[in-house]
Amino acid sequence: MKVDFQHTQAAHCENGVTTSLLRHHGVNQITEPLAFGIGSGLFFIYIPFMKINNGPAIAFRTQPGLIFNRTCKALGIPVERKKFSSPEQAEKILLQCLAEGRPVGCQVGVYYLTYFPKEYRFHFNAHNIIVFGKEEDQYLISDPVMEMATSLSSYELQRVRFAKGAFAPRGQLYYPKEKREVTTEQMKKAIRSGIKRNIRDMLHIPGPIAGINGIRFTAKRISKWRDKLGPKKAGSYLAQLVRMQEEIGTGGGGFRFIYAAFLQEAYAYHPLEELVDISKQFTQAGDIWRSAAVQAAGIYKGRIGSQADFDQMRDYLFAAAEVEKNAFQALSKIKWPA
Amino acid sequence: MKKEEIPQDLGALGKITGEVCYVVDESGKYTTVLSNGWEVKSSALDVAWKDVEQRIAAAAEKVKNREASPILFFMELRVMDIGIVAAYTGFWKWQVKKHLKYPVFEKLSDAKLTRYAALFEVSLEELKTMKVHEG
């Protein structure tokens, strides 16, 4: 049993699943940057009272699951999403979908994901893959971060679908319910509303820990890490920041480059010169984040580590916040043609 | 990031697959290239694993001094925390916390220990003695 399905690689798993599933359902215009931008994927949050793997909880993108839901909704495509309490039921429904010729998005944990390198297998439960067939005991898997399609035995798949802990997937699967063609008009509208929602999330979200404010808040915290945590733990915290920013899925620069690519693609739908300029600003923001990562690496590798080095780190984040604030303000000033 | 600046520092993932990165080409247009890794982030990953190793070593030391039960050691070895161990074994978190105490652990029934052994993928004997033979 095999669905006629084209594996495509992406930077980020949820973008990739969204893009591939939508293409399969007739939305030929969709690309990873468009899916990310329409789903208002760009974000920043630092949750100070939460720990992930004994380090700070930092994210550069929106909450898992939202990009798929928002992008499909904006394009007028109905979505089915199911969770299960029993693995048997979860497999039964999955097989039913495959028999109907549907490729299916599944949320999985990476700790037991056998085709991942060991170094990447932490208990992280918000990874996304597509199942597109079954041959004997092997499920055919399209994992967007991999170059090639791969496979998992039914036991292995069940294990990752029922991984436990934070964000436990509980067998969650999701797919667009029907094939639909999307008009250029719909694309234009989806792009515009995706940008507007992202402006809201980055500029106007209440509280100090998220959006542009969140970047500044993190910057101030970082400059205190050396005294508060000691050099070693401060280094580990910075390493975690860099992993959230650069590890598989971000496309580099904490998703800022994907967003810049999105604005370039948006220009094809809305030929407004501002979009091209603002795209460059996001590239600049991504470059600042990359410089910050190099600075952080100097610290966690023990090459540098004075308070001045931590202050430099803080200043990189301040600079990124400033560039992103200006970019989003410029986006909010765009006069969209009716 | 410019296309020619994309790092190719072979990392753990790069041996299995290239990663998609978004870069700007000569004409200023966005495109994607595959990267085999970046030294800055592979060293960040190294830091994370060194921290894990240190926590394992610290746990082993605690068990030796009977300040903690072998469950702490295996929890660290499998990169888990109390929440994850509780979720997989079906114990409550407060129970797991109790089982982390050496005297409590010593009195646990084999039935309960088996639940831990299954999660940590070791035999009962290995769970009690902390001797593991990893491939």
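Residues numbered from 1 in each chain as written. Chains lettered and ligands numbered in written order. Predicted model: local features only at pLDDT ≥ 70, side-chain atom pairs only at ≥ 80, totals over all residues.

Chemist: Could you give me a rundown of the overall build of chain A, with the residues and numbers involved?
Modeler: A tally of helices and strands in chain A yields 11 helices and 8 strands. Against the compact-globule benchmark of 20 Å for 338 residues, chain A has a radius of gyration of 21 Å, which places it among compact chains. Its C-alpha atoms give chain A principal-axis dimensions of about 60 × 50 × 30 Å. Once local pairs closer than 6 in sequence are excluded, the contacts in chain A between residues at least 24 apart make up 71%. (Helix = DSSP H or I, 4+ residues; strand = E, 2+ residues; numbered from the N terminus. Rg over C-alpha atoms; globule rule 2.2 N^0.38 Å. Contact = placed C-beta atoms within 7 Å.)

Chemist: Explain the overall build of chain B to me, and be specific about the residues and the numbers.
Modeler: Counting its regular elements, chain B contains 7 helices and 2 strands. For chain B, the succession of helices and strands along the chain, N to C, is β-β-α-α-α-α-α-α-α. A compact globule built from 135 residues should have a C-alpha radius of gyration of about 14 Å, whereas chain B, at 22 Å, is more than 25% larger. Taken along the three principal axes of its C-alpha coordinates, chain B extends 70 × 25 × 25 Å. In chain B, which comprises 135 residues, the share counted as buried stands at 35%. Expressed as a percentage of contacts within chain B between residues at least 6 apart in sequence, the contacts between residues at least 24 apart total 44%. (Buried ≥ 20, exposed ≤ 12 C-beta atoms within 10 Å, placed from the backbone.)

Chemist: Give me the packing of helix 7 (residues 211-229) of chain A against helix 11 (residues 307-332) of chain A: which residues, what numbers.
Modeler: Residue and element names in this part refer to chain A. Put simply, helix 7 and helix 11 touch, their axes get as near as 8 Å, and they point 175° apart. Compared by their axis directions, helix 7 and helix 11 come out roughly antiparallel. Side by side, helix 7 and helix 11 meet where Ile212, Ile215, Arg216, Thr218, Ala219, Lys220, Ile222, Ser223, Trp225 and Arg226 of the first sit next to Gln307, Phe310, Asp311, Met313, Arg314, Leu317, Phe318, Ala320, Ala321, Glu324 and Lys325 of the second. A breakdown of the residues in the contact of helix 7 with helix 11 according to their chemical character gives 11 nonpolar, 3 polar and 7 charged. (Axes fitted to C-alpha atoms, helices over the stretch in contact; angles between N-to-C directions. Parallel < 35°, antiparallel > 145°, perpendicular 65-115°, else oblique. Nonpolar A, V, L, I, M, F, W, Y, C, P; charged D, E, K, R; others polar.)

Chemist: Break down the domain arrangement of chain B for me, with residues and values.
Modeler: On domain assignment, one finds that chain B holds domain 1 (3-37) and domain 2 (49-129). Using C-alpha coordinates to define each centre, domain 1 of chain B is positioned 41 Å away from domain 2 of chain B. (Domains from an automatic or database assignment.)

Chemist: Give a description of the environment of A:Phe36 that names residues and reports values.
Modeler: Residue and element names in this part refer to chain A. Take Phe36: it is sitting in helix 2 (residues 32-38). Along the chain, Phe36 and Ile304 lie 268 residues apart, while their C-alpha atoms are 36 Å from each other. What Phe36 contacts, discounting residues up to four positions off in sequence, is Asn15, Gly41, Ile67, Ile258, Tyr259 and Phe262.

Chemist: Before we move on, could you go through the environment of A:Ser154 and cite the residues and values that matter?
Modeler: Residues and elements named next belong to chain A. Summarising the element assignment, Ser154 is placed in helix 5 (residues 154-161). Placed 121 residues apart in sequence, Ser154 and Pro33 show a C-alpha to C-alpha distance of 33 Å. Not counting residues within four places of it along the chain, the set of residues in contact with Ser154 comprises Glu91, Asp137 and Tyr139.

Chemist: Tell me about the nonpolar core, and name the residues and values.
Modeler: Counting residues in each nonpolar core, the largest one holds 117 residues, and the members touching the most others are A:Val131, A:Ala296 and A:Ala320. Ranked by the residues each element gives to this core, the list is headed by helix 10 (residues 273-300) of chain A, at 12 residues. Sequence-distant contacts of A:Ala296, defined by excluding residues within four places in its chain, comprise A:Leu238, A:Leu241, A:Val242 and A:Met313. With 21 residues, the next largest nonpolar core counts B:Ile71, B:Val85, B:Leu100 and B:Phe120 among its residues. (Core = buried A, V, L, I, M, F, W, Y, C linked by C-beta atoms within 7 Å.)

Chemist: Which residues make up the interface of chain A and chain B, and what are the values?
Modeler: Taken together, the contact pairs 41 residues of chain A with 30 residues of chain B. Of all the secondary structure elements, the ones that give two or more residues to the side of chain A that touches chain B are helix 8 (231-246), helix 9 (256-269) and helix 10 of chain A. No other element matches helix 10 of chain A, which puts 8 residues into the side of chain A that touches chain B.

Chemist: Which residues make up the sheet that holds strand 8 (residues 173-176) of chain A, and what values do they have?
Modeler: All names here are of chain A. Taken in spatial order, the 6 strands of this open sheet run 3-8-4-5-6-7, and their pairing is antiparallel. Of all strands in the sheet, those bounded by a partner on one side alone are strand 3 (79-82) and strand 7 (150-153). When strand polarity is set aside, the average angle formed by the axes of neighbouring strands in this sheet is 35°. Together, strand 4 (104-108), strand 6 (138-142) and strand 7 form the strand contacts of helix 5, whose direction differs from that of strand 7 by roughly 90°. (Pairing = 2+ DSSP bridges.)

Chemist: Please give an account of helix 7 of chain A that cites residues and values.
Modeler: Residue and element names in this part refer to chain A. Between its first and last C-alpha atoms helix 7 spans 25 Å; for 19 residues at 1.5 Å apiece the expected length is 27 Å, and the two agree. By the burial criterion, the buried members of helix 7 are Gly211, Ile212, Gly214, Ile215, Phe217, Thr218, Ala219, Ile222, Trp225 and Arg226. Buried residues belonging to helix 7 abut strand 1 (42-52), strand 2 (55-61), helix 6 (184-203), helix 8 and helix 11. (Expected span 1.5 Å × (residues − 1).)

Chemist: Which residues make up the pairing of strand 4 of chain A, and what values do they have?
Modeler: Residue and element names in this part refer to chain A. Counted residue by residue, strand 4 has 5 buried out of 5 residues, so it is predominantly covered. Residue alternation in strand 4 divides its side chains into two sets, Val104, Cys106 and Val108 and Gly105 and Gln107, and both sets are buried. Relative to strand 5 (residues 127-135), strand 4 runs antiparallel, the two being bridged by 5 bridges. By the bridge assignment for strand 5, Val104 is matched with Val131. As paired elements, strand 4 and strand 8 share 2 bridges and run antiparallel to each other.

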